[in-house]
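Chain and residue survey
Here's the letter readout for the chains.
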Amino acid sequence: EPDVGSNAAEIQTSAVADGDSLVLNGTKTWISCGHVSDLAAVICRVKSEEDSRIGILLVDREVSPYEASELPHLGLKAFPTSELYFTDCRVPKENLLGGGGSKGSSGSSSSGDLKFVLQGFEIMRTLMAVGSVAMAQAALDHSVTYARQRRQWGKLIGEHQMIQEMICDMTTSVDAARLLAYRALSLLQQGKRCDRETSMAKWFATEMAVEVTSKAIQIHGANGLSEEFPLEKLFRDARMFTIPDGATQIQKLIVSRDVLGLSAFE
């Protein structure tokens, strides 16, 4: 949400019961494919006279109309993002996927439903890590091919020591990120809580992809800046991944909180 960012517990979009419907009000921003999709899974605060809790509401755009607009961005041009506007949007009660559990001891949002949302973040962060590894691997593959073909100063650029150093750094970084992502995927498959491991994979892999694609541009020289080569696109796409589903700094705070047992945020 525009004023919430990574703190899911502070979500303001609300759903209030009215007869057979829940009336949804609020704004969501940077939503994947929001203006071209038919369905939206909306995390919202489900309110009643007794309490308020986090829930997930499935909104069918044809049944429950809402407004949407595209948000143009730096990279990932084939993957649009949007802002969604819910104004007295009536959604059938049976579309509530979560948030119907028992009231927590504090009388506020149900910890079980929030935990369900946070576990969803673990999945998305791991997928962001996997995607970043794929982009970095593509940049590395292009760089290896180019270094074996391009000649400067009477020899292949792959024979220059500084090019070899960059190739070594890129290869090691990609493999390290891949292993972190695989570990996170394995833990998710086992159904284990793994916020530390998924956050480690997300921040390291996304930042790694920015660094590796940048080095790939450097290896290609001026050609790396050209739209005729794929490097500038890979760089822009990689830069996009460091922020969604929790920016790098949020991931580092999650990891440190888990290690230290001390939190920098609530």
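Scoring rules and cut-offs
- Residues numbered from 1 in each chain as written.
- Predicted model: local features only at pLDDT ≥ 70, side-chain atom pairs only at ≥ 80, totals over all residues.
- Heavy atoms only, no water.
- Helix = DSSP H or I, 4+ residues; strand = E, 2+ residues; numbered from the N terminus.
- Buried < 20%, exposed > 50% of the residue type's maximum accessible area, 1.4 Å probe, protein only.
- Areas by Shrake-Rupley, 256 points an atom, 1.4 Å probe, with all protein chains shown as cover.
- Lys, Arg positive; Asp, Glu negative; His and termini not counted.
- Charge placed at Lys NZ, Arg CZ, Asp CG, Glu CD.
- Phe/Tyr/Trp six-rings, centres within 6.5 Å; stacked < 30°, edge-to-face > 60°.
- Pairing = 2+ DSSP bridges.
- Core = buried A, V, L, I, M, F, W, Y, C linked by side-chain atoms within 4.5 Å.
- Contact = heavy atoms within 4.5 Å.
- pLDDT = per-residue confidence, 0-100.
- 1 Å grid on protein atoms, 1.4 Å probe; cavity = no way out; pocket = protein on both sides within 12 Å on 5 of 7 lines; lining within 4 Å.
- Points joined across faces, edges and corners; volume = space filled by probe spheres on them.
- Nonpolar A, V, L, I, M, F, W, Y, C, P; charged D, E, K, R; others polar.
- Expected span 1.5 Å × (residues − 1).
- Arc of directions from axis to C-beta.
- Patch = residues over 30% accessible without salt bridge, like charges linked within 9 Å, V, L, I, M, F, W, Y side chains within 5 Å.
- Salt bridge = Lys/Arg side-chain N within 4 Å of Asp/Glu carboxyl O.

Before going further, it helps to examine the overall build of the protein. Broken down by element type, the protein carries five helices and nine strands. Going from the N terminus to the C terminus, the protein shows its helices and strands as β-β-β-β-β-β-β-α-β-β-α-α-α-α. By principal-axis analysis of the C-alpha atoms, the protein measures approximately 80 × 40 × 30 Å. Relative to its full complement of 266 residues, the protein shows a buried share of 42%. Split by element, the accessible area of the protein, about 14,600 Å² in all, is 55% carbon and sulfur. Side-chain charges of the protein comprise 27 positive and 34 negative groups, with the mean position of each set lying 7 Å from the other.

All right, on to the packing of aromatic side chains then. One pass over the structure, following the stated rule, counts three aromatic pairs. Seen in terms of ring centroids, Y66 and F86 are 4.9 Å apart; in terms of plane orientation they differ by 45 degrees. Their pairing is tilted. With a gap of 20 residues between them, Y66 in the loop between β4 (52–60) and β5 (67–70) and F86 in strand β6 (residues 81–92) connect regions that are remote in the sequence. An angle of 80 degrees between the planes, with centres 5.8 Å apart, marks the rings of W203 and F204 as edge-to-face. Note on W203: relative accessible area 25%, which makes it partly exposed.

Time to look at the pairing of strand β1 (residues 14–18). The sheet contact formed by β1 and strand β2 (residues 21–32) spans five bridges and is antiparallel. Note that in β2 the partner of D18 across the bridge is S21. Remark: two residues form the turn of the hairpin made by β1 and β2, two consecutive strands paired antiparallel; G19 in that turn has positive phi of roughly 70 degrees. Summarising the sheet, β1 and strand β3 (residues 39–47) pair through three bridges and their orientation is parallel. Bridge assignment links S14 to a residue of β3, and that residue is R45.

By size, the foremost hydrophobic cluster in this structure holds 34 residues, and its most contacted members are I163, M170, V174, M208, V212 and I219. Looking at this core, the elements that each hand over two or more residues are α1 (111–147), α2 (161–189), α3 (195–220) and α4 (231–240). Once residues lying within four places of it in the same chain are set aside, the contact partners of M170 are A139, L140, S143, V212, K215, A216 and I219. One finds C44, V46, L84 and C89 within the second-largest nonpolar core, a separate group that totals 14 residues.

Close inspection of predicted coordinates is inappropriate for parts of the model with low pLDDT. A residue-level look at the protein finds 93% of positions with pLDDT of 70 or above and a mean pLDDT of 91. Across residues 101–110 the pLDDT falls below 50, and counting only partners more than four positions away or on other chains, this stretch makes 19 contacts in the model.

This next bit is on the layout of surface pockets. When its volume is computed, the largest pocket comes out at roughly 1,400 Å³. Lining the largest pocket are 40 residues, and of these T29, W30, I31, P244 and D245 sit closest to its centre. Ranked by residues supplied to the lining of the largest pocket, first place goes to α1 with seven residues. Its residues placed into classes, the lining of the largest pocket shows 25 nonpolar, ten polar and five charged.

A few words now on helix α5 (residues 248–260). Residues separated by three or four positions in an α-helix point in the same direction, a consequence of the helix having 3.6 residues per turn. Taking 1.5 Å of rise per residue, 13 residues should cover 18 Å, and α5 covers 18 Å from first to last C-alpha, within 8% of that figure. Residues of α5 that are buried include every one of T248, Q251, I254 and V255, and no others. For α5, the arc enclosing every buried residue in end-on projection is 125 degrees, short of the 170-degree limit, so these residues lie on one face. Projecting away from the buried face of α5 at angles above 90 degrees are the exposed residues Q249 and L260. Note on α5: the residue one or two positions beyond its end, G261, has a positive phi of about 75 degrees.

Looking now at a nonpolar patch on the surface. Among the surface-exposed residues, V130, L179, Y182 and L185 lie close enough to one another that they form a single nonpolar patch of about 380 Å² accessible area. Element by element, the count of residues in the nonpolar patch is highest for α2, at three residues.

Next up on the list: unusual backbone geometry. Not every positive phi belongs to a glycine, and C33 is a case in point at roughly 55 degrees. One non-glycine residue with positive phi stands out, namely W153, at about 55 degrees. Take W153: it is sitting in the loop between β8 (151–152) and β9 (155–156). Take W153: its relative accessible area is 79%, and that puts it in the exposed class.

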